[in-house]
Amino acid sequence: MKFGILVNEGPYQHQASDTAYLFCKAVLAQGHEIFRVFFYHDGVNNASRLTEPPQDDRNIVARWSKLAEEHGVDLVVCVAAALRRGIKDENLAPGFRISGLGQLVEAGIQADRLVTFGD
Amino acid sequence: MKFGILVNEGPYQHQASDTAYLFCKAVLAQGHEIFRVFFYHDGVNNASRLTEPPQDDRNIVARWSKLAEEHGVDLVVCVAAALRRGIKDENLAPGFRISGLGQLVEAGIQADRLVTFGD
Amino acid sequence: MSEEPGIKKFMFVNRKAPYGTVYALEALEVVLITAAFDQDVSLAFLDDGVFQLRKGQQTKGIETKNFSPTYRALEGYDIEKLYVEKEALAARGLTEDDLLVDVTVLDRKALGVLMDEQDVILSF
Amino acid sequence: MSEEPGIKKFMFVNRKAPYGTVYALEALEVVLITAAFDQDVSLAFLDDGVFQLRKGQQTKGIETKNFSPTYRALEGYDIEKLYVEKEALAARGLTEDDLLVDVTVLDRKALGVLMDEQDVILSF
Amino acid sequence: MLHIVNKSPFSSQALDSCVQVAPGGDLLLIEDGVYAASSGTVADNFMRDIMKRFRVFALGPDLEARGLADRLIDGITPVDYAGFVDLVARNKTCQSWL
Amino acid sequence: MLHIVNKSPFSSQALDSCVQVAPGGDLLLIEDGVYAASSGTVADNFMRDIMKRFRVFALGPDLEARGLADRLIDGITPVDYAGFVDLVARNKTCQSWL
């Protein structure tokens, strides 16, 4: 089954991004497919390559990048939301790409399920 | 009278940053002094020089920078919160500086009033 | 699935007041794009979401863009299914006359049934 | 103002549950710094904030740092004024025995009076 | 002391908690908190009770943004940002019920 | 259909709204939503009423993080992330009550 994922909150401030990540890992472990993870609202802040969490805490951004690298998951950041919040190619973490809201709608159309994580 | 201001949410997602800014302008217009504006939690995202809001919307980051330039307001971003969220010197907007949480405590001690804006 | 092949029923569930947070504004942006994909789009306004449709919003004082006229423009994008929760209006002292646009007022149970019929639900 | 010159009464008001949001964790970071400035520090746990002090937090499954042991370390920083809302505990089915640390349980009215005596209140 | 509430009374417990803890004083409604200042809602009587113990203010620009300026409960005082500053200055401390 | 609630029942109306709108189905409590799955609280009876119409699940890792694993209301099923995925797969649609 194909899953689409929508992440609406930034890293650390809310648990939404953590839950979405752990959900994605379980989707893959169950043998399902992730059509796309779409980052909207403050969710775009998950894509900042400049984050440096304390050593004893999880690295949320690096985790997403690794998911893209190891499983080819498509991580898409909404361009309009990203511009409002200062996420651009110059501070974009590996594995993410910036694109339009149409990519979210497409995920809704193409995926069998769309799950929203937010506040 | 000396005011300290604490901003706990990022730009656009919540109104906290807007209210804090309009409050600061009124503080100055009333002839009071702003000892410091401290940005904590997602509030540190107010300091990203990479934000580009739509033309017909307010530019929250630029407004803060202008407040610092025109009135010498001390805009301090918490270093620990900023590292977690990817705000560093390389994407820091003019007028902001990155420093420790002690600067918030100092604002509490030195200012006559401390007002928190958050979610 | 909707009756036409390739068309899905998208419902946008709005439960938050405008301006306090950005969700209402950014939800509208998704709605407009979804219509451009020729999907079957409906909007549901529940709880504080009904405040999004309130007439007379004047945002000059908070120096923020007033996006409420966009709800009036939805018709031009063939988005005509706007459902509003009856109990939410009543609790907030509002009637249909207080709203910017023509809507269908439904009670909670009817909204719940409608939700069950969707293919995709996006919540903001 | 506190009785000693140059020392202010700081109260940290915690009203949010841990892990769902970061406020509890980042509030603790401010508390520790404030103690280093030799201020008169107290912590108040109201509403869902009382959940921060719950025993038995095991965060391995959510892959997030368990910061609850830090509450036990507060004593080492001479932070000993921990006030917990009586009504909040009761509503959540908790007693003092469910908490990680020794606290003073106060009813809402007493907490309100204590708040009025502060010089600086920080809310998270 | 000044209490500041910025959440809708229909979706959050913030106003409830504030008035149950605080003995009285000044109460300022801002942002989505101003919905509590609107007459004719299910929170109307609750608000009128609160006004027996608190002097209640609402931020005018937030009322206007939400189309509520003409529905203010009698006895609640609208203030602009300058009035907000005055309220903070007049009270020794303030507490934001986030 | 699957309903997902991630807010504490003590501070937010999300769970209330969910169960008043939805006729029934599967209900999954995650993040701060799991506090509703704890026995002995003022929401206990409310939750037991909900369970007459909904099959109720709670995310185990969130229960454990909050020290609630041993207080689960009888009849609420704890699930791990794999179980969360199964719930989404089993239901045609899901709605997050944010």
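Everything numeric here is computed off the predicted structure, so don't read it as measured data.

Our next topic: the nonpolar core. Membership of the largest hydrophobic core comes to 260 residues, with the highest contact counts inside it found for Trp64 of chain A, Trp64 of chain B, Leu27 and Leu29 of chain E together with Leu27 and Leu29 of chain F. Not counting residues up to four positions away in its chain, the partners in contact with Trp64 of chain B are Val7, Ser17, Ala20, Tyr21, Cys24, Val37, Phe39, Asn46, Leu75 and Phe96 of chain B.

Under the fitted operation, chain B is carried onto chain A by 0.0 Å of movement along the axis and a turn of 180°, and the coordinates agree to an RMSD of 0.0 Å. Accordingly, the operation relating the two chain copies is best matched by a two-fold axis. If distances are taken from each C-alpha of chain B to the rotation axis, the shortest is found for Asn91 of chain B, at 4.3 Å. The fraction of interface residues of chain B whose copies in chain A are also interface residues reaches 100%, indicating that both copies meet through the same surface.

Turning next to the interface of chain B and chain A. With 23 residues of chain B at the contact, the number on the chain A side is 23 residues. Both faces considered, chain B and chain A share a buried interface measuring about 2,000 Å² in area, 43% of it formed by carbon and sulfur atoms. Considering only the side of chain B, the residues that lose the most area to chain A are Gln13, Leu50 and Arg84 of chain B, jointly responsible for 33% of the buried surface there. Connecting chain B to chain A are four salt bridges. Of the charged contacts, one joins Arg49 of chain A and Glu90 of chain B as a salt bridge, the two residues approaching to 3.9 Å between their closest N and O atoms. Taken together, chain B and chain A are joined by twelve residue pairs in polar contact (both at pLDDT 80 or more). When its residues are assigned to classes, the side of chain B that touches chain A shows five nonpolar, eight polar and ten charged.

So, on to the packing of helix α4 (residues 108-116) of chain D against helix α1 (residues 14-21) of chain E. The angle between the axes and the distance between the axes are what describe a pair of packed helices. Two elements in contact, α4 of chain D and α1 of chain E, have axes separated by 7 Å at closest approach and are oriented at 80°. In terms of axis orientation, α4 of chain D runs roughly perpendicular to α1 of chain E. Residues Arg108, Lys109, Leu111, Gly112 and Met115 of chain D of α4 of chain D form the contact with α1 of chain E, whose own contacting residues are Val19, Gln20 and Val21 of chain E. Considering only residue class, the contact of α4 of chain D with α1 of chain E consists of four nonpolar, two polar and two charged.

The next thing to look at is helix α4 (residues 81-90) of chain F. Burial of α4 of chain F is extensive: seven of the ten residues sit out of reach of the surface. Inspection of α4 of chain F places Tyr81, Gly83, Phe84, Val85, Leu87, Val88 and Ala89 of chain F among the buried residues, and these make up the whole buried set.

On to the interface of chain E and chain C. Counting residues at the interface gives 18 residues for chain E, matched by 20 residues for chain C. Summed over both partners, the interface of chain E with chain C comes to about 1,400 Å²; 50% of that surface belongs to carbon and sulfur atoms. The largest per-residue losses of area from chain E upon contact with chain C belong to Tyr35, Ala65 and Arg71 of chain E, which jointly make up 33% of the total buried on that side. Across the chain E-chain C interface, the total number found is one salt bridge. Taken together, the links from chain E to chain C amount to nine residue pairs in polar contact (both at pLDDT 80 or more). Top contributing element to the side of chain E that touches chain C by residue count: helix α3 (residues 60-65) of chain E, with four residues. In the side of chain E that touches chain C, the residues fall into seven nonpolar, five polar and six charged.

The rules behind each value
Residues numbered from 1 in each chain as written. Chains lettered and ligands numbered in written order. Predicted model: local features only at pLDDT ≥ 70, side-chain atom pairs only at ≥ 80, totals over all residues. Heavy atoms only, no water. Core = buried A, V, L, I, M, F, W, Y, C linked by side-chain atoms within 4.5 Å. Buried < 20%, exposed > 50% of the residue type's maximum accessible area, 1.4 Å probe, protein only. Contact = heavy atoms within 4.5 Å. Least-squares fit on C-alpha atoms with pLDDT ≥ 70 in both. Buried area = accessible area lost by both parts, 1.4 Å probe. Salt bridge = Lys/Arg side-chain N within 4 Å of Asp/Glu carboxyl O. Polar contact = N/O pair within 3.5 Å; in protein donor to acceptor, adjacent residues only side chain to side chain. Nonpolar A, V, L, I, M, F, W, Y, C, P; charged D, E, K, R; others polar. Axes fitted to C-alpha atoms, helices over the stretch in contact; angles between N-to-C directions. Helix = DSSP H or I, 4+ residues; strand = E, 2+ residues; numbered from the N terminus. Parallel < 35°, antiparallel > 145°, perpendicular 65-115°, else oblique.

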